[in-house]
Amino acid sequence: GAVVSQHPSRVICKSGTSVKIECRSLDFQATTMFWYRQFPKQSLMLMATSNEGSKATYEQGVEKDKFLINHASLTLSTLTVTSAHPEDSSFYICSASHTGYEQYFGPGTRLTVT
Amino acid sequence: GNSVTQMEGPVTLSEEAFLTINCTYTATGYPSLFWYVQYPGEGLQLLLKATKADDKGSNKGFEATYRKETTSFHLEKGSVQVSDSAVYFCALSAVAGGTSYGKLTFGQGTILTVHP
């Protein structure tokens, strides 16, 4: 149980375009979903926290207009990277929680912006 | 604020060697503590957890004990295998009632390589 999927697993896009990443909880209802960014050989950096039906809460330094997060249902959250640039290339990982303290992670999405 | 400090890596061991990865934390109250493992190109998998002092989490031969007095949650395994090669993250989840409740604070990660 507690499976989280992400789609796509890898995406390559051109500079200036937007990319949407989906995060789904497959066998539980996620009251809260989290989005992380991970640079090579580094730890995870929390970008934002989203609760179903409300606006996401962004961490300091994360541009909310660039990284649009939508949590439309208890099983789906999306992250849209708008007007992507090469410096946005990274590994994006989502997690979902229904307990409030334990998170279940997706497999990650590798974004490459050319 | 909350913080997690892991021993610096990388750690390189021979198969069947004993593993210890140190983890200490700073937090108010009694956070929940976790070890996550990340294999190359993948997301994080929960390895084990402990939610209160003196709890021992265990899974797949790995163990860690929640030590409130030393604010530590060291990961141990008696005999590592090549398949254990991965990055290991220690993390804590803030206690209920605070503004950071539910958020995970991660250590910097420790790369483990096990040779045959």
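Please refer to the structure placed before this passage.
Residues numbered from 1 in each chain as written. Chains lettered and ligands numbered in written order. Predicted model: local features only at pLDDT ≥ 70, side-chain atom pairs only at ≥ 80, totals over all residues. Heavy atoms only, no water.

S.K.: Hey, could you run me through the nonpolar core in this one?
M.R.: Soluble, globular proteins show a tendency: their nonpolar side chains are buried together. A:F67, A:L79 and A:L111 are the most contacted members of the largest nonpolar core, which totals 26 residues. Not counting chain neighbours up to four residues away, the residues in contact with A:F67 comprise A:R37, A:M47, A:Y58, A:V62, A:L79, A:T80, A:V81, A:D88 and A:Y92. B:L19, B:V37, B:F73 and B:L75 belong to the second-largest nonpolar core, a separate cluster that totals 25 residues. (Core = buried A, V, L, I, M, F, W, Y, C linked by side-chain atoms within 4.5 Å. Buried < 20%, exposed > 50% of the residue type's maximum accessible area, 1.4 Å probe, protein only. Contact = heavy atoms within 4.5 Å.)

S.K.: Is there a simple way to explain the packing of aromatic side chains in this structure?
M.R.: Each aromatic ring pair is characterised by the separation of its centres together with the angle its planes make. Scanning the model with the defined rule gives eleven aromatic pairs over all chains in all. For the ring pair A:Y36 and A:F105, a centre distance of 5.6 Å and an interplane angle of 40° mean the geometry is tilted. Highlighted residues: A:Y36 in strand β4 (residues 32-38) and A:F105 in strand β10 (residues 104-105), separated in sequence by 69 residues. Accessibility assignment for this pair places A:Y36 and A:F105 in one class, buried. A centroid spacing of 6.1 Å and a plane angle of 85° characterise the contact between B:F89 and B:F106, whose relative ring orientation is edge-to-face. Of this pair, B:F89 sits in strand β10 (residues 86-93) while B:F106 sits in strand β11 (residues 104-106), and the two are 17 residues apart along the sequence. Judged on exposure class, the residue B:F89 and its partner B:F106 are both buried. A connected cluster of aromatic rings, assembled from ring pairs, spans A:Y36, A:F105, B:F34, B:Y36, B:F89 and B:F106. (Phe/Tyr/Trp six-rings, centres within 6.5 Å; stacked < 30°, edge-to-face > 60°. Helix = DSSP H or I, 4+ residues; strand = E, 2+ residues; numbered from the N terminus.)

S.K.: When you look at the pairing of β10(B) in this model, what are you seeing that I'm missing?
M.R.: The side chains of a regular strand alternate between the sheet's two faces. Residue and element names in this part refer to chain B. By the criterion of burial, β10 is predominantly enclosed, with seven of the eight residues buried. As paired strands, strand β5 (residues 32-38) and β10 are joined by seven bridges and run antiparallel to one another. Residue pairing in the sheet places S32 in a bridge with S93 of β10. Where β10 lies against strand β12 (residues 110-115), three bridges are found, and the strand directions are antiparallel. Looking at the pairing, V87 lines up with I111 of β12. (Pairing = 2+ DSSP bridges.)

S.K.: Is there a simple way to think about the sheet that holds strand β3 (residues 19-21) of chain B in this case?
M.R.: Two orientations exist for strands paired in a sheet by backbone hydrogen bonds: parallel and antiparallel. All names here are of chain B. Spatially, β3-β9-β8-β7 is the arrangement adopted by the four strands of the open sheet, whose pairing is antiparallel. With one partner strand each, in any of the chains shown, β3 and β7 (56-59) form the two edges of the open sheet. Geometrically, the sheet is characterised by an average inter-axis angle of 15° between neighbouring strands, direction not taken into account. Taken together, the three bridges between strand β8 (residues 62-65) and strand β9 (residues 75-77) define a ladder with antiparallel strand orientation. Bridge pairing links F62 to K77 in β9. (Axes fitted to C-alpha atoms, helices over the stretch in contact; angles between N-to-C directions.)

S.K.: Would you mind showing me how to read the side chain of A:H71 here?
M.R.: All names here are of chain A. With respect to the helices, strands and loops of the structure, H71 is situated in strand β7 (residues 67-73). Residue H71 is classed as buried on the basis of its relative accessible area, which comes to 4%. Separated by 3.5 Å, the side chain of H71 and the backbone oxygen of A30 make a polar contact. Non-local contacts of H71, meaning those with residues more than four positions away in its chain, are made with A30, T31, T32, M33, S50, N51, E52, G53, L76 and S77. (Polar contact = N/O pair within 3.5 Å; in protein donor to acceptor, adjacent residues only side chain to side chain.)

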